[in-house]
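Spelled out from the first residue to the last, the chains are:
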Amino acid sequence: MRITQSVRGMLAAVALSAAVVLSSAAPANAAITVTLSPTAGAVGTRVDVLASNCDKDATGDVEGTDVSFKLPKNNNNAQGSFTVTNDLKPGTYTITVTCDGDTASSKFTVTSGTGASTGGGSTASDAATVVLWSGAALVLAAAAGMWLLKRRSGVTAA
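Asks: Which residues make up the pattern of salt bridges, and what are the values?
Replies: Using the criterion set out here, one finds one salt bridge in the structure. With its nearest N and O atoms 3.1 Å apart, the salt bridge here joins Asp48 to Arg46. On the basis of relative accessible area, Asp48 is assigned to the partly exposed category, the value being 33%. Residue Arg46 is classed as partly exposed on the basis of its relative accessible area, which comes to 42%.

In structure tokens form, the structure reads like this:
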């Protein structure tokens, strides 16, 4: 039996596709990864920690400090948080999460100053306030100019 050229090409394409799919598949026991949100903040900032591929309760530590926290299991992940305290001086810290004997880490940078005690958001700076009021003044000036032009033209309102 003779296989035609097009059938041979199709079989080769299927075999190559299967090889690519099987070689790129994630292992059943994937390593945990740690994601921080935010990755930088000042004293008072709340940092949310997500340990992906961790299907058990986990613990977290901030390197070189007494700060530790729990990450309860949430589906196939573990989630927790900690707040940047006065004990953390400005600089970069390694946040290490341990999940069922496996460890993973990520970097967090403590900035100078203080953050919001709620862990997020910001306040408007003086420059932002100036821009806001300048914009409001321009809108009012444009409205006054339109009113004067309408009054001058003698057009009556309907």
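Okay, back to it.
Asks: Let's hear about the state of the cysteines: which residues, and what values?
Replies: All chains considered together, the criterion is met by one disulfide. With its sulfur 2.0 Å from that of its partner, Cys54 forms a disulfide with Cys99. Torsion about the S-S bond of the Cys54 and Cys99 cystine: about 95°, corresponding to right-handed handedness. Linking Cys54 in the loop between β3 (46–52) and β4 (58–62) with Cys99 in strand β8 (residues 91–99), this pair joins segments that are 45 residues apart in sequence. Cys99 gets classed as buried once you look at its relative accessible area, which sits at 3%.

What counts as what
Residues numbered from 1 in each chain as written. Predicted model: local features only at pLDDT ≥ 70, side-chain atom pairs only at ≥ 80, totals over all residues. Heavy atoms only, no water. Salt bridge = Lys/Arg side-chain N within 4 Å of Asp/Glu carboxyl O. Buried < 20%, exposed > 50% of the residue type's maximum accessible area, 1.4 Å probe, protein only. Disulfide = S-S within 2.5 Å. Helix = DSSP H or I, 4+ residues; strand = E, 2+ residues; numbered from the N terminus.

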